Amino acid sequence: MNKHPFFKQKKIFKISPISILFLYFLIVIPCYGNNYKIFSPQCEYLTNPIGIDSFTPRLTWSIAGKSKLLSSCVCQLWIDKDSLSLANESVSCWKSGELPSTTTLISYQGEKLKSNTRYFWKVIYHNGKGEIIVDSPISYFETGFLDTKEWKGNWISDNHDKNYKTAPYFRKNIRIDDELKEARIYLGTAGLQELFINGKRVGNHQLDPMYTQYDKRNLYVSYDVTSFLHKNINTVGILLGNGWYNHQSTAVWLFDKAVWRNRPKFIINILLRYKNGKEEWIASDDTWKTMDSPVIFNSIYTAEHYDANKEIPNWNIPEYDDSNWSNAQKVEAPSHLLKAQLLQPIRVTDVLNPTKMDKKNNTHYIFHFPRNIAGIVQLKVKGEQGTTLRLKHGEMLAPNGTVNTSNIDYHYRPIDNSDPFQTDIVKLSGREDCFSPKFNYKGFQYVEISASAPIELSVNNLQALEMHSDVPSIGHIHSSSDILNKIYEATNSSYLANLFGYPTDCPQREKNGWTGDAHIAIETGLYNFDAITIYEKWLSDFVDAQHPDGTLPCIIPTDKWGFDWGNGVDWTSAIAIIPWQIYCFYGDATLLKRMYPNIKTYVEKVTTKAHDGLTDWGLGDWIPVKSKSNLTLTSSLYYYNDVNILAKAATLFGYSDDAINYNVLSKKIKDAINDKFLNKKKGIYCSGTQTELSSALFWGVVPEEYKQKVAEQLYSRVKDNNFHLDVGLLGTKTLLNALSQNGYADAAYKIVTKQDYPSWGYWIANGATTLHENWRIDVIKDNSLNHIMFGEVGAWMYKSLGGIYIDENQPGFKHILLKPDFVSDLKTFEATHKAPTGWISSKWERKGNKIIYNVTIPTNSTATFYPPKQAKDQTPINLTDGTHKLIILLSNYIQN
């Protein structure tokens, strides 16, 4: 059998007797033959998008098949305006040159793209002799407006000012006399919108368009509305909401004082193409009609109020008489930049039924849902006309069983009682009423309904609708530990509950784009979800928020708040860390290159505040268990990391002078940190807190000759603390990783899964379905129960337990570093991740004194497996694509 070309000889490793006796492996490589498949073709990381506004859109794909057999092939990209031309191999727009078969990303470089045009594309692999080996299905992308000046018509609004509460309807009848070929709507909004045609809602997005710094940049959404229109009269209807543009609620972040704040407005361009070749544009102007809607108040921050008695039946169909409606008013554009919204939209992703309903009396009900979510409710009810229902949403219950919002309303500053926090208000019509907020979302697990008059309710009257940016799932973890599985699920739940077109801290109390929370959780997000479109949009908000001197606020987007507190280097390092991680995970340097000037300006700002390579500009290790870590150390470590990223980016882009300068600066910072804080005799930094030691190890400043000593000191402190963590936000990023990467993975695992205070396992053991903001569970004031800031634990599972590490020298998992930690308290563990090249799988099982390890490497990727640290023979093993099986024989190894 060993002579078969698809099997390799076993290899014996000499292992120290306290751990692994010996190891051999059998590599099984499937024979693909010519069975290739191209999958996941995307443009700008979206499937068949419309509204592309780049002249050089990125096209990506993956291929399954044997890399060795593909190596003699080349690939090409074909693009044409006619799909039949592609099918007939007749290409006019662009036929790329011959590309290496390992190519999975390319930017368009053909003839100049035209606005409002569909382009079809496919990928072809051939053997260099013109013989096609495999080709992809035909995909397409469609451009929107490639120049803002191409927009037609006017921005319009109603005749009210920013303080008017009721949301406005708009409508317009359009006539179609010829046979329609296709129709598009491009809708730009300052605020939020819902679009209707002939009485039907268009699309399934929620809270469109996404939040931006509205005086700098606005977004438009593109719709294919061909199927909604017919010959004769059609009605286009729009409902506008405030969103973050017209923030009428009052809180400490001063969004009601934003310089951009105004009455919601929109611009719409309707493109009609007929079968006879004729083309027609219809645009917004003051002939559109407007009227108040039954949404009598809406706040993205607090809630929505609805009066069913003010419903206007059939307001958005042609037969409706709008003669008593007012004409819209032409208004100024909110900014000079109107860009396409090219990201995964917010959608309803799940519907939850109550697990129980607690009836206090005939006017008071408490609904319990199975888990803590971000979203809204849907209420279907019939009650006496004029009855007012108040739907109070919260994460906690008071001792008497009612909803308690004291943990999430701490920063709310209401000026009266008309806008209660997280409380929808519904006035019934006496008919069968259906209510679901259109322009708000909340964080909750419980809903308390109080009525102004007796009403009968049951569990059938209320459902919870989970919402978030609908990013595709590209990762999965499962293990033999129920507590670990639940921590993983809770981490992902909190990540998604805090993704609404930008990453937030919590879905109730703040909904702010805290930069520190986001960069801490970036790897957790990218291992689990295809979220590049969200982060690319959010980094544009960084560009808009950044001051000319490089200063960034701690929350983005923002108007005023966040420039004078909390915006030190440990938080705003997100401007460097996130583009770098996107590059590492996707192998795409587009965002990193786009952000390079902004990162550079930011680093120069930090440098002006530093003294001899050190800075204390930062918040520090936020919400630690008890030990306070040195602020200058943690801030300087982030300063070092940012400069290091800038140096690597400069090298990547060929900016040689910058590369030299920033490499020199990074060494200066590293030396300054070690000179100031490293006690070489003891092997500790500063006072030796878990955060101080793990951060120095994780961020790579510990001199090689002291790494083992520092790691031993870290482990000793963890062990002396009974394997409990004693860190805050910054330490949760570094503690588990520093332990695992220095031989103490079992200790890290114990920290995570302990079920007493403080630990992630402690939360789960006490019923949590999401991650909390505080390690304590008895804090009932200012303590979100759905926070992502301690979310690095999810990424740690992929890296330490799954062993799936990125090779920065071959990003996008072109080369995978396999370093799994077979911790003693786990029987099985499996991690899968969809890389740009395809699916990676790392799976191991403990059987007696053996570990059965199976790993799958996708086409166009390679991997290097690193034997356990206890092996005397540390020779790395290079693996090609395919499935590999390793059998590791263990003794009873227990970490002391």
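Remember, it's a predicted structure, so these values are computed and weren't measured experimentally.

1. Points about the overall build of the chain
The secondary structure content of the chain amounts to 17 helices and 47 strands. Scaling as 2.2 N^0.38, a compact globule of 896 residues should have a C-alpha radius of gyration of about 29 Å, and the chain matches this with 29 Å. Once the C-alpha set of the chain is aligned to its principal axes, its extents read approximately 90 × 75 × 55 Å. Every one of the 896 residues in the chain was classed for burial, and the buried ones make up 62%. The long-range fraction of contacts in the chain, counting pairs at least 24 apart against all pairs at least 6 apart in sequence, stands at 74%. Looking at the chain as shown, the accessible area adds up to about 33,400 Å², and 48% of this sits on carbon and sulfur atoms. Here the chain contributes 96 positively and 93 negatively charged side chains, and the mean placements of these two sets differ by 5 Å.

2. Considering the sheet that holds strand β24 (residues 326-327)
As summarised here, the arrangement of the six strands in space is β16-β15-β18-β13-β21-β24, forming an open sheet in which the pairing is antiparallel. For this open sheet the edge positions go to β16 (200-201) and β24, each flanked by a neighbour on one side alone.

3. Looking at the state of the cysteines
Applying the stated criterion across every chain yields a total of zero disulfides. C93 takes part in no disulfide bond, and the closest cysteine sulfur to it belongs to C43, at a distance of 13 Å.

4. What about unusual backbone geometry?
For the peptide bond that leads from I556 to P557, omega is 0°, which places it in the cis range. The residue after Y757, namely P758, is reached through a cis peptide bond having omega -10°. In this structure, P758 sits in the loop between α15 (745-753) and α16 (760-765). In the Ramachandran plot, E44 falls in the positive-phi region, its phi being about 55° despite a non-glycine side chain. Inspection of the secondary structure assignment puts E44 in the loop between β2 (37-43) and β3 (50-52). Given a relative accessible area of 13%, E44 falls into the buried group. Even without glycine at this site, N198 takes up a positive phi of about 50°. The exposure class of N198 is buried, given its relative accessible area of 16%.

5. Focus: the packing of aromatic side chains
In this description, a pair of aromatic rings is defined by centroid distance and the angle of the planes. Under the counting rule described, the total for this entry stands at 60 aromatic pairs. When the ring of W580 is compared with that of Y583, the centres are 5.2 Å apart and the planes differ by 45°; the resulting orientation is tilted. You can see W580 and its partner Y583 sitting in helix α8 (residues 574-586), three residues apart, about one turn around the helix. Across this residue pair, the class does not change: W580 and Y583 are buried. Taking the centre distance of 6.2 Å and the plane angle of 55° together, the rings of Y715 and F723 count as tilted. Summarising the burial analysis for this pair, Y715 and F723 share the class buried. The structure contains a cluster of three or more aromatic residues connected by ring pairs, namely W253, Y301, Y412, F421, W514, W561, W565 and W622. Sitting above the plane of the W281 ring, K152 keeps its charged end 4.1 Å from the centroid. Positioned above the aromatic ring of Y441, the side-chain terminus of K511 is 4.4 Å from the ring centre.

6. What about the pattern of salt bridges?
In this structure the tally under the stated criterion is 44 salt bridges. Note that R58 is salt-bridged to D588, the shortest N-O span being 2.8 Å. Taken together, the positions of R58 in strand β4 (residues 58-64) and D588 in the loop between α8 and α9 (590-609) put the pair 530 residues apart, joining distant regions of the chain. Comparing R58 with D588, the two get one shared label, buried. Residue D322 is joined to K289 by a salt bridge in which the shortest nitrogen-to-oxygen separation is 3.8 Å. Taken together, the residues D322 in the loop between β23 (304-307) and β24 and K289 in strand β21 (residues 289-292) connect sequence positions 33 residues apart. Accessibility expressed as a relative area gives 17% for D322, which makes it buried.

7. Thoughts on the packing of helix α3 (residues 482-497) against α15
Contact pair α3 / α15: the axes reach a minimum separation of 10 Å and the direction vectors enclose 75°. Our classification of the angle between α3 and α15 gives roughly perpendicular. Judged by residue contacts, I483, L484 and I487 of α3 engage Y749, V752 and T753 from α15. Of the residues assigned to the contact of α3 with α15, the class counts are five nonpolar, one polar and no charged.

8. Considerations on the sheet that holds strand β45 (residues 862-865)
With respect to topology, four strands assemble into an open sheet ordered β40-β41-β45-β46, the strand pairing being mixed. At either margin of the open sheet sits one strand with a lone partner, and together these are β40 (804-806) and β46 (877-879). Across the sheet, the mean angle from the axis of one strand to that of its neighbour is 30°, orientation sign disregarded. Summarising the sheet, β40 and strand β41 (residues 815-818) pair through three bridges and their orientation is antiparallel. Looking at β41, one finds that I806 is bridged to I816.

9. Remarks on the nonpolar core
In terms of nonpolar packing, the biggest core is built from 222 residues, with I79, I673, Y685, W760 and M797 touching the most fellow members. Once residues lying within four places of it in the same chain are set aside, the contact partners of I673 are L614, L633, S636, L637, Y640, L678, Y685 and V701. Among the nonpolar cores identified, the runner-up in size contains 26 residues, and I156, L187, I197 and L240 belong to it.

10. Observations regarding the environment of I376
Relative to the helices and strands, I376 is located in strand β29 (residues 364-382). Sequence separation of I376 and W288 is 88 residues, and the distance between their C-alpha atoms is 31 Å. The residues touching I376, leaving out its near neighbours within four places in the chain, are S436, P437, N440, Y441, F444, Q463, A464, L465 and M467.

11. Regarding the pairing of strand β35 (residues 442-451)
A large share of β35 lies buried, amounting to nine of its 10 residues. Judged from the eight bridges that link them, β29 and β35 form a sheet pairing that is antiparallel. When the bridges of β35 are listed, F367 appears paired with V447. Sheet topology note: the strand β30 (residues 388-394)/β35 ladder contains six bridges and is antiparallel. Its bridge partner lying in β35, H393 is registered against V447.

12. Digging into the confidence of the model for the chain
Looking at the chain, the pLDDT average stands at 94 and 95% of residues meet or exceed 70. Across residues 1-22, where pLDDT falls below 50, the model places 55 contacts with residues more than four positions away in sequence or in other chains. Predicted confidence is poor over residues 892-896, with pLDDT under 50, and the contacts of this stretch with residues over four places away or in other chains come to 12 contacts.

Parameters at a glance
Residues numbered from 1 in each chain as written. Predicted model: local features only at pLDDT ≥ 70, side-chain atom pairs only at ≥ 80, totals over all residues. Heavy atoms only, no water. Helix = DSSP H or I, 4+ residues; strand = E, 2+ residues; numbered from the N terminus. Rg over C-alpha atoms; globule rule 2.2 N^0.38 Å. Buried < 20%, exposed > 50% of the residue type's maximum accessible area, 1.4 Å probe, protein only. Contact = heavy atoms within 4.5 Å. Areas by Shrake-Rupley, 256 points an atom, 1.4 Å probe, with all protein chains shown as cover. Lys, Arg positive; Asp, Glu negative; His and termini not counted. Charge placed at Lys NZ, Arg CZ, Asp CG, Glu CD. Pairing = 2+ DSSP bridges. Disulfide = S-S within 2.5 Å. Phe/Tyr/Trp six-rings, centres within 6.5 Å; stacked < 30°, edge-to-face > 60°. Lys NZ or Arg CZ within 6 Å of the ring centre and 35° of its normal. Salt bridge = Lys/Arg side-chain N within 4 Å of Asp/Glu carboxyl O. Axes fitted to C-alpha atoms, helices over the stretch in contact; angles between N-to-C directions. Parallel < 35°, antiparallel > 145°, perpendicular 65-115°, else oblique. Nonpolar A, V, L, I, M, F, W, Y, C, P; charged D, E, K, R; others polar. Core = buried A, V, L, I, M, F, W, Y, C linked by side-chain atoms within 4.5 Å. pLDDT = per-residue confidence, 0-100.

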